[in-house]
Amino acid sequence: MNVKVFVDFDGTISLNDVGDKLFAHFGDVSDIVSDLMKGKISVAEYYTQCCARISNSLSPELLVAFNAEQQIDYAFKDIIALCKSHNIDVHIVSDGLDAYIQPILQTGGISDVPIHSNLLSQVGDEWIPEFPGATESCNCFCASCKRNVIVNHSADEDVIVYVGDGMSDTCAVQHADVVFAKGYLSKWCSENGIPHHPITNLSQVLAIMKSRIAKSDFKQRRRALIARQSAFIAE
Ligand SMILES: [Mg+2]
Ligand SMILES: [Zn+2]
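About the thresholds
Position numbers for residues start from 1 in each chain and track the written sequence from start to end. As a convention, the first chain written is A and the first ligand written is 1, with the rest following in written order. Reporting of local features is limited, given that this is a predicted model, to residues whose pLDDT is at least 70; pairs of side-chain atoms are given and counted only at 80 or more, and all residues count toward the totals for whole chains, interfaces and linings. Think of a nonpolar core as buried Ala, Val, Leu, Ile, Met, Phe, Trp, Tyr and Cys residues, each tied to the set through C-beta atoms within 7 Å. Working definition of burial: number of other C-beta atoms within 10 Å of the residue's own, with buried at 20 or more, exposed at 12 or fewer, and partly exposed in between, all C-beta atoms being placed from the backbone. Segment limits for the domains were obtained from an automatic or database-derived domain assignment. Throughout, a pair of residues is in contact if the C-beta atoms placed from their backbones lie within 7 Å. Helix numbers and strand numbers start at the N terminus; a helix is a DSSP run of H or I with at least 4 residues, a strand a run of E with at least 2. Strand pairing follows a simple DSSP-based rule, namely that at least 2 bridges must link the two strands. With the strands aimed away from the viewer, a crossover counts as right-handed if its path from the first strand over the helix to the second runs clockwise.

Undergrad: An account of the nonpolar core is needed here, citing residue identities and associated values.
TA: Phe6, Tyr162, Val173, Ala176 and Val179 are the most contacted members of the largest nonpolar core, which has 61 residues in total. Counting contributing residues, this core receives three or more from each of domain 1 (3–16 + 71–234) and domain 2 (18–68). Apart from the residues lying within four places of it in its own chain, the contact partners of Val173 are Tyr162, Gly164, Val179, Ala181, Leu185, Cys189 and Ile194.

Undergrad: Mind laying out the domain arrangement of the chain, listing which residues take part and the relevant values?
TA: Accessible area lost upon the coming together of the parts is a frequently used measure of interface size. Domain assignment breaks the chain into domain 1 (3–16 + 71–234) and domain 2 (18–68). Here domain 1 and domain 2 have C-alpha centroids that lie 22 Å from each other. Across the contact, 24 residues belong to domain 1 and 16 residues belong to domain 2. At the level of secondary structure, the elements contributing two or more residues to the side of domain 1 that touches domain 2 comprise β2 (89–97), α6 (98–107), β3 (115–123) and β4 (126–130). Per-element tally for the side of domain 1 that touches domain 2: the top contributor is α6, with five residues.

Undergrad: Can you explain the environment of Phe180? Please cite residues and give values.
TA: Position of Phe180 relative to the elements: it lies in strand β6 (residues 178–182). Owing to 27 C-beta atoms within 10 Å, Phe180 belongs among the buried residues under this scheme. Apart from the residues within four sequence positions on either side, Phe180 is in contact with Val163, His196, His197, Ile199 and Val205.

Undergrad: Break down the pairing of β2 for me, with residues and values.
TA: With respect to burial, β2 is a largely interior element, seven of its nine residues being buried. Strand direction decides the pairing type here: strand β1 (residues 3–7) and β2, joined by four bridges, are parallel. Looking at β2, one finds that Val5 is bridged to Val90. Here β2 pairs with β3 via three bridges, running parallel. The partner of Leu97 across the bridge, within β3, is Asn118. The parallel pair β2 and β3 is bridged by α6, and the resulting crossover is right-handed.

Right, dumping it as structure tokens:
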């Protein structure tokens, strides 16, 4: 049994959606959000436009201060420790930006978990996002495809555990065997026939993982395995 755990960042590890907060804090991006929701622009275009919009008001110093105010669910640290003691790999999969994910985790004392996300850097006076995880073969609502991280970091016999809360997780959960879903994602899973543990915080994930590990209760979900295999071929 080889279990791999993939965890969303915004609203799952962090208590709030930090990306949304960042843009709302440093600019008025409501028209860009509305274009995204209407399907007029892609998630990557949304990020590019939002970053351009806040370029004048966001400085590296203000970003540091903003990051320092964000809070995480501290049970994530216990999940990492539990997984480590059982040789279970943990990955963070995010459609957010490294410029806040990394510092927030570091403040929380978490530094040794691979992060797969979009990137944000300042070039001259402009904040420019980059999308190393973008793909054309998946029609997920993401700039950084979470499905591909799962497929690229797992073998055929692995059991995939996924923890998430939002729209950017809907593609990933179809490729996962054990799903923990918070908020919007839990409703979406129910409506779309994805078996899942409905959760409101990571302490619940920790408790269920402990009990599943004790019972070696990790099985592949046939539909998820087939989905992973077809995604692997498509890539
Ligand atoms: Mg999220
Ligand atoms: Zn995808």
